Amino acid sequence: MKFDRITDNGNLWAVRYDNCLDNVLDTILDQWNDVAWLRAFFKENIVDLASYFKITDVNQAIYDTIEDSERLQCLIMDISPAANLDEIFRPLENSRTSEIILGKEKARLKNTHRHSSWLRIYAIKLDPGIYVITGGAIKLTRTMQEREHTLVELARMEKVRNYLLNQDIIDLDSFNDYLKELS
């Protein structure tokens, strides 16, 4: 497992899993802009799309996904010094009210002009404003436990969190120490 710096200021990182050429952020953004991949995904998940979002037109779902992906990418990749990732990422568990070490977080678009966005980017919070992206998904159900592809993302978050803990990484300082040891 490797970690790619996404923003120059070091506030955003993405996991590059073993045997993968790209980090997870590049991979999910590529998928979310790949019409063929999206068509196959929405055809396979049309029942969820129709029941939860009341959308039955696969082409509309593809269009909405590409549009939301571009907006989410701009929001996440805002590299201005004033960018605050804590305004984008929220606790994965909606009921969590306090900070925990290496908390599991999610980012999604707010204020879409159509339906709620189904795009999610998942990350581990190292420190306030510092995140490591572990993956992402198109979430078409109320909970992540309802579908295999979102269960995979839950497992990835847990795998990365456990890896960090096993390397004695609990915050940005220990993460930086770990990265220095590798170089």
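Notes on the structure in this doc start here. Given the structure is predicted, the values throughout are model-derived calculations rather than measurements.

1. Here we look at the overall build of the protein
Each helix and strand in the protein was counted, giving 6 helices and 6 strands. Put simply, the protein runs from its N terminus to its C terminus through helices and strands in the order β-β-α-α-α-α-β-β-β-β-α-α. In terms of overall size, the protein behaves like a compact globule, its C-alpha atoms giving a radius of gyration of 16 Å where 183 residues would be expected to give roughly 16 Å. Projected onto its principal axes, the C-alpha positions of the protein cover 50 × 35 × 35 Å. Burial statistics for the protein: of 183 residues in total, 48% are counted as buried. With an accessible surface of roughly 9,800 Å², the protein has 49% of that area assigned to carbon and sulfur atoms.

2. Some remarks on helix α6 (residues 172-182)
Looking at α6, one finds that the buried residues are S174, F175, Y178 and L179. The buried residues of α6 all sit within an arc of 140° when viewed along its axis, so they share a single face. Projecting away from the buried face of α6 at angles above 90 degrees are the exposed residues D173, K180 and E181. The residue sitting at the N-terminus of α6 and contributing the capping side-chain oxygen is D171; that oxygen lies 3.3 Å from the backbone nitrogen of D173.

3. A word on the layout of surface pockets
Estimates place the volume of the largest pocket at around 490 Å³. Residue lining of the largest pocket: 22 residues in total, with L92, N94, K106, K139 and R142 positioned closest to the centre. Broken down by secondary-structure element, the contributors of at least two residues to the lining of the largest pocket are α3 (46-53), β3 (89-91) and β5 (119-127). Across the lining of the largest pocket, the residue classes tally to 8 nonpolar, 6 polar and 8 charged. As a volume, the second largest pocket reaches approximately 260 Å³. Along the wall of the second largest pocket there are 18 residues; nearest its centre are Q31, W37, G136, E153 and R156. Grouping the constituent residues of the lining of the second largest pocket by class yields 10 nonpolar, 5 polar and 3 charged.

4. Observations concerning helix α2 (residues 35-44)
Along an α-helix, a turn takes 3.6 residues, which lines up residues three or four apart on a common side. Listing the buried residues of α2 in full gives L38, F41 and F42. Mapping the buried residues of α2 onto a view down its axis gives an arc of 90°, with all of them on the same face. Of the exposed residues in α2, the ones pointing more than 90 degrees away from its buried face are A36, K43 and E44. Looking at the buried side of α2, the elements it contacts are α1 (24-31), α3, α4 (58-76), β6 (130-138) and α5 (148-166). Measuring from the backbone nitrogen of A36 back to the side-chain oxygen at the start of α2 gives 3.0 Å, which picks out D34 as the cap.

5. Concerning the packing of aromatic side chains
The geometry of an aromatic ring pair comes down to the distance between the two centres and the angle between the two planes. Across all of its chains, the model carries 11 aromatic pairs by this definition. Plain terms: the ring middles of F41 and F42 are 5.3 Å apart, the flat faces sit at 80° to each other, and that makes the pair edge-to-face. Within the aromatic cluster, the residues linked to one another by ring pairs are W37, F41, F42, Y52, F53 and W118.

6. Some points on the side chain of R120
Among the secondary structure elements, R120 is positioned in strand β5. Buried and unpaired, R120 has D68 as its nearest opposite-charge partner, separated by 8.0 Å. A distance of 2.8 Å separates a polar side-chain atom of R120 from the backbone oxygen of S117.

Cut-offs used in this document
Residues numbered from 1 in each chain as written. Predicted model: local features only at pLDDT ≥ 70, side-chain atom pairs only at ≥ 80, totals over all residues. Heavy atoms only, no water. Helix = DSSP H or I, 4+ residues; strand = E, 2+ residues; numbered from the N terminus. Rg over C-alpha atoms; globule rule 2.2 N^0.38 Å. Buried < 20%, exposed > 50% of the residue type's maximum accessible area, 1.4 Å probe, protein only. Areas by Shrake-Rupley, 256 points an atom, 1.4 Å probe, with all protein chains shown as cover. Arc of directions from axis to C-beta. Polar contact = N/O pair within 3.5 Å; in protein donor to acceptor, adjacent residues only side chain to side chain. 1 Å grid on protein atoms, 1.4 Å probe; cavity = no way out; pocket = protein on both sides within 12 Å on 5 of 7 lines; lining within 4 Å. Points joined across faces, edges and corners; volume = space filled by probe spheres on them. Nonpolar A, V, L, I, M, F, W, Y, C, P; charged D, E, K, R; others polar. Contact = heavy atoms within 4.5 Å. Phe/Tyr/Trp six-rings, centres within 6.5 Å; stacked < 30°, edge-to-face > 60°. Lys, Arg positive; Asp, Glu negative; His and termini not counted. Salt bridge = Lys/Arg side-chain N within 4 Å of Asp/Glu carboxyl O.

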